[in-house]
Amino acid sequence: MRIDDAEMLFLEIPFRLALSHGARSDRRSSDSVILRLRSRDHEGFGEAVVRDYVSGSLGTGEAFQRETGRIVGDLLRPLAGRDFTWREAESCLAALPCSAPALPLMCAVETALLACAVAERGAAGSPADPWSVLEREPLRQVVVYGGVLPFVSPEAARTYLPLCARLKLSNLKVKVGRDPAYNRGILALCREILGTEFDLRVDANAAWSLSSCAEHLDVCREHGVRLIEQPFPVSEGPAAGAALAAQGFSVMADEGVLTGSDVRSLAATGAAQALNLRLSKNGGLARVLALAAEAESNGLSYQMGCMVGETGVLSAMGRVAASLLPAPRYVEGSYDEMLLEENIVTPSFGFGPGGRAPIDRGNGMGYRVDAERLARFTRARIRP
């Protein structure tokens with residue numbers, strides 16, 4: 001491989017419905033950053049979803065674009081101007097220092113380089129897909145996804161929940177907020193439509209406070225919910241999570257889980273019993289696999305999560321990750337067709353009945369980027 005050209009594209013793809021994020025404002029469109037690399041006659045695409053409350057701020061507007069360009073340029077520089085193999089690229093990325101705000105962009109760089117390697121392998125006539133380049137066989141041939149109910153009105157939920165029932169999904173994460181009355185109503189609606197035995201968990205996105213916690217926990221008990229994702233801000237510390245565990249609840253940490261030291265700290269303090277690992281948040285496939293191994297060695301479970309607004313580029317990598325993880329408790333993702341008005345890739349990475357989606361071997365990355373759609377949804381371009 002050789003990096004002959006690199007371009008970053010800043011997207012805006014409308015959502016099918018406006019979403020709120022716990023206590024945060026409505027979000028009406030995807031704002032993914034796409035990295036396009038050219039290696040000889042081949043292209044590879046990577047994707048970053050940057051959230052300041054997850055991995056740290058990179059600024060806004062043009063300042064954000066300049067800073068992301070600077071970081072990607074720094075990540076690519078050790079590989080510039082020379083030929084290299086995928087293994088050399090992989091080792092180079094693993095050795096680079098990467099601050100928390102740069103992790104989503106590391107994900108984009110790793111994914112784009114992997115896609116270039118897959119394309120070159122296919123052009124040489126060898127069976128080509130991410131697993132063949134990674135030289136790792138999938139641990140499962142079918143990935144089983146659960147659902148996520150966004151923070152929406154009860155009216156919107158009445159439209160969404162029957163779809164989960166028709167798809168025969170086995171589990172659902174429900175986004176909840178600060179208002180116990182809303183939370184009680186939305187969980188009651190879930191039970192009404194999905195049944196009393198359905199596997200429900202909630203994600204508070206750090207919207208709860210210690211003073212309101214008791215009422216929220218009563219609502220969860222009432223509706224058979226025992227797993228709570230990120231109930232409090234990371235700054236609340238381990239005591240809050242340990243207090244929930246003492247009452248029979250499991251806490252899944254999200255925003256506070258970026259590195260291996262975070263995993264070890266959560267395990268040592270008892271602040272969480274499970275982790276939400278996400279490709280863009282945690283810096284790509286290699287880092288997610290390493291964090292999962294760290295979690296298991298410290299007695300924690302984990303799920304393969306996703307970022308709101310991912311396109312098919314990250315959905316494809318999420319499926320690869322889910323196929324390689326030894327024991328994901330839940331798998332989220334591949335929601336692009338349901339969430340985005342249009343995708344930038346074909347075919348879709350949706351899933352079928354039961355949340356089941358087979359992995360696709362020998363077919364490159366499993367998608368084609370639609371150049372017309374990519375151009376239509378691009379709001380800015382820069383070269384790192």
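Before any of the text, the structure's been laid out above.
The rules behind each value
- Residues numbered from 1 in each chain as written.
- Predicted model: local features only at pLDDT ≥ 70, side-chain atom pairs only at ≥ 80, totals over all residues.
- Heavy atoms only, no water.
- Helix = DSSP H or I, 4+ residues; strand = E, 2+ residues; numbered from the N terminus.
- Rg over C-alpha atoms; globule rule 2.2 N^0.38 Å.
- Buried < 20%, exposed > 50% of the residue type's maximum accessible area, 1.4 Å probe, protein only.
- Contact = heavy atoms within 4.5 Å.
- Areas by Shrake-Rupley, 256 points an atom, 1.4 Å probe, with all protein chains shown as cover.
- Lys, Arg positive; Asp, Glu negative; His and termini not counted.
- Charge placed at Lys NZ, Arg CZ, Asp CG, Glu CD.
- Axes fitted to C-alpha atoms, helices over the stretch in contact; angles between N-to-C directions.
- Parallel < 35°, antiparallel > 145°, perpendicular 65-115°, else oblique.
- Left-handed = near helix turned anticlockwise from the far one by under 90°.
- Nonpolar A, V, L, I, M, F, W, Y, C, P; charged D, E, K, R; others polar.
- Salt bridge = Lys/Arg side-chain N within 4 Å of Asp/Glu carboxyl O.

(A) Layout of the overall build of the chain. Within the chain one finds 15 helices and 17 strands. Computed over the C-alpha atoms, the radius of gyration of the chain is 20 Å, within 12% of the 21 Å expected from 2.2 N^0.38 for a compact globule of 384 residues. Over its C-alpha atoms, taken along the principal directions, the chain stretches across nearly 60 × 40 × 40 Å. Per-residue burial over the chain gives 57% buried out of 384 residues. For the chain, restricting intrachain contacts to residue pairs at least 6 apart in sequence, the fraction spanning at least 24 positions comes to 74%. Of the accessible surface of the chain, which amounts to about 15100 Å², a share of 51% is contributed by carbon and sulfur atoms. Put simply, the chain has 42 plus and 46 minus side-chain charges, and the middle of one group is 1 Å from the middle of the other.

(B) Geometry of the packing of helix α2 (residues 61–76) against helix α4 (residues 103–123). Their axes nearest at 10 Å, the elements α2 and α4 cross at an angle of 50°. Judged on the interaxial angle alone, α4 and α2 are oblique. Judged by the sense of rotation from one axis to the other, the crossing of α2 with α4 is right-handed. Facing Thr68, Ile71, Val72, Leu75 and Leu76 of α2, the residues of α4 in contact are Leu105, Met106 and Val109. Its residues assigned to classes, the contact of α2 with α4 comprises seven nonpolar, one polar and no charged.

(C) Region of interest: the pattern of salt bridges. A complete count under the given rule lists 33 salt bridges for this structure. Taking the shortest distance from any N to any O, the salt bridge between Arg2 and Asp4 comes out at 3.9 Å. For Asp4, a relative accessible area of 33% corresponds to the partly exposed category. For the salt bridge of Arg70 with Glu67, the shortest nitrogen-to-oxygen distance reads 2.7 Å.

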